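Remarks on the overall topology
Chain by chain, the residues:
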Amino acid sequence: MALDVSVGTGPLAEAAAQLLRLLPVRAHQPALAGVLLRADAEGLELAASDGEAWARVRVSATAHTDGEAVVSRRALADTLATLDAPQLRLCTEGARLAVRTDRARFALPRLDLDTFPRPPQAPAAVGVLAGADWRAAAAVAGAASREDALPLFTAVRMRSAGAVVSMLATDRFRLAAARPAWSPEPGAELDVLVPAALVAELGRQAGRSAQVRLHAEDGRFALSWPGWTVGTTSLAVAFPDRQLDQLLAAQAEATVRVDADELAAAVGRAAHYAGPRGAVTLELGDSELCVRGSDPLAGESSETLKADLLGDRLTRQYQARYLLDALRPFAGRQARLEIQSALRPTAFTAASPEPGVDLRYLVVPLRPVDATNHA
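Residues numbered from 1 in each chain as written. Predicted model: local features only at pLDDT ≥ 70, side-chain atom pairs only at ≥ 80, totals over all residues. Heavy atoms only, no water.

Where an unreviewed UniProt entry is consulted, the protein chain appears under the name DNA polymerase III subunit beta, with the organism given as Catellatospora chokoriensis. In UniProt, the protein chain has this text filed under Subcellular location (unreviewed entry): "Cytoplasm". (UniProt positions renumbered as here; feature names shortened; annotations may be inferred.)

If you want it as structure tokens, here you go:
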């Protein structure tokens, strides 16, 4: 059926851009580079898949003729991003999909509709979260590995636990965990491993909604919010839940309360002097926290911040980038650092946790080069 539909340029351009961020086009998967446009009495739906993840988004539109067409989602997003006309018209013209405004026409090659892999529908709903809580909890995705050779650690572990959802990610050197409150469907359970990159992008996009709905069934997971449904298959690998849960029970030898933004800025400055190891030292003193960077070639830095200390004076070294990642979720607030003995991980939490989400970020200290410097 030929497609012919009028639609607002802004909403369609935003939907196409968000779809491209959720499902980046990969050069080695040309058959999955398209987006299905389907017009009917309810508006215009865009649907796409990258073979594992998939997304559907619906925008308000007036369908002059119900129909479908498939075009490159990158070409569509790039074309719409350049338009300033408030309205446009999409219509099939032979082997092309025309994008028309009052003063311009663009023609995109149509892809084969018959061979296009249609995205599935969402699995059964299992519960609802507040959008702000989902956005905060999705920050755990930053602790996941980016090494495809270790797929187990490239995902976010999501499990239902009564009135909360347990979300955890780790790359073996750091770990982040959150427990957002949710309203589960009667008898529903959640137990999935979701690619961390998708969780991070969903945190940015779905987190702006008042509520998000979680869906899960038969190894599939999806998130929906007004106009959108995004899903993926769960990674079919075992996760070391028990061992990682035990790491979250921190037994601190010292607890520090400090402004997260001030500490992040100091770590960023010290990172210029961190040397090839990227090592930044945190040294606890009386009502202060000293941030040091030192390298024979780069030089050295020392900066003191006001902090509240409870417990022993300790010195620890960390990868600067891991510290910055751990502090980012607590921007604008006071952070609490629970420093444990030896090389046990340091736990980062909010000094005054927000209701709805319990977020913890663990960072493993570096082994001191010189044992005499170990506190």
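Here we come to the packing of helix H1 (residues 9-22) against helix H2 (residues 73-81). For the pair H1 and H2, the least separation of the axes is 9 Å and the interaxial angle reads 140°. In terms of orientation, H1 and H2 fall into the oblique class. In this structure, the crossing between H1 and H2 has a hand that is left-handed. Taken together, the residues of H2 that come into contact with H1 (itself represented by Thr9, Leu12, Ala13, Ala16, Ala17 and Leu20) are Arg73, Arg74, Leu76, Ala77 and Leu80. Here the residues of the contact of H1 with H2 sort into eight nonpolar, one polar and two charged. (Axes fitted to C-alpha atoms, helices over the stretch in contact; angles between N-to-C directions. Helix = DSSP H or I, 4+ residues; strand = E, 2+ residues; numbered from the N terminus. Parallel < 35°, antiparallel > 145°, perpendicular 65-115°, else oblique. Left-handed = near helix turned anticlockwise from the far one by under 90°. Contact = heavy atoms within 4.5 Å. Nonpolar A, V, L, I, M, F, W, Y, C, P; charged D, E, K, R; others polar.)

For the rest of this paragraph, the subject is the nonpolar core. Leu37, Leu90, Trp134, Met158, Leu190, Leu214 and Leu263 are the most contacted members of the largest nonpolar core, which totals 98 residues. The element best represented in this core is H1, accounting for seven residues. Non-local contacts of Leu37, meaning those with residues more than four positions away in its chain, are made with Leu3, Leu44, Glu45, Leu46, Gly67, Glu68, Ala69, Val71, Leu76, Leu90 and Leu97. With eleven residues, the next largest nonpolar core counts Phe239, Leu244, Ala347 and Leu362 among its residues. (Core = buried A, V, L, I, M, F, W, Y, C linked by side-chain atoms within 4.5 Å. Buried < 20%, exposed > 50% of the residue type's maximum accessible area, 1.4 Å probe, protein only.)

The next thing to look at is empty space enclosed by the protein. Scanning all chains against the criterion turns up one cavity of 30 Å³ or more. Lining of the largest cavity is provided by Pro24, Val25, Arg26, Gln29, Leu32, Ala33, Asp50 and Arg73. Residues of the lining of the largest cavity, tallied by class, amount to four nonpolar, one polar and three charged. (1 Å grid on protein atoms, 1.4 Å probe; cavity = no way out; pocket = protein on both sides within 12 Å on 5 of 7 lines; lining within 4 Å. Points joined across faces, edges and corners; volume = space filled by probe spheres on them.)

Most of helix H4 (residues 196-206) is tucked away, with eight of its eleven residues classed as buried. For H4, the set of buried residues is Ala196, Leu198, Val199, Glu201, Leu202, Gly203, Gln205 and Ala206.

A few words now on the packing of helix H6 (residues 260-270) against helix H7 (residues 320-327). Closest axis-to-axis distance for the H6/H7 pair is 10 Å, and the angle between their directions is 160°. For the element pair H6 / H7, the angle class is roughly antiparallel. Here H6 runs over H7; the crossing is left-handed. On the side of H6, the interface is formed by Ala260, Leu263, Ala264, Val267 and Gly268, while H7 contributes Ala320, Leu323, Leu324 and Leu327. Split by residue class, the contact of H6 with H7 holds eight nonpolar, one polar and no charged.

Turning our attention to the pairing of strand E12 (residues 164-170). Along a regular strand, successive side chains alternate from one face of the sheet to the other. Of all seven residues in E12, seven are buried; the element is thus mostly enclosed. Judged by which residues are buried, E12 turns out to be covered on both faces: Val164, Ser166, Leu168 and Thr170 on one side and Val165, Met167 and Ala169 on the other are all buried. Sheet analysis places strand E11 (residues 155-161) next to E12, joined by five bridges and oriented antiparallel. For Met158, the partnering residue across the bridge sits in E12 and is Met167. Hairpin connection, E11 to E12: the antiparallel pair is bridged by two residues, and Gly162 has positive phi, about 70°. The pairing of E12 with strand E13 (residues 174-178) spans four bridges and is antiparallel. Following the sheet pairing, Ala169 is matched in E13 by Ala176. (Pairing = 2+ DSSP bridges.)

As summarised here, the arrangement of the five strands in space is E5-E1-E7-E8-E9, forming an open sheet in which the pairing is antiparallel. A single partner strand is all that each edge strand has here, and the edge strands are strand E5 (61-65) and strand E9 (105-109). This sheet shows a mean twist of 20° between the axes of neighbouring strands, independent of strand direction. The sheet contact formed by strand E7 (residues 87-93) and strand E8 (residues 96-100) spans five bridges and is antiparallel. The partner of Thr92 across the bridge, within E8, is Leu97. Sheet strands in contact with H1 are strand E1 (4-8) and E7, and its direction is about 95° off that of E1. Helix-sheet contacts for H2 involve E7, E8 and E9, and the interaxial angle to E9 is about 170°.

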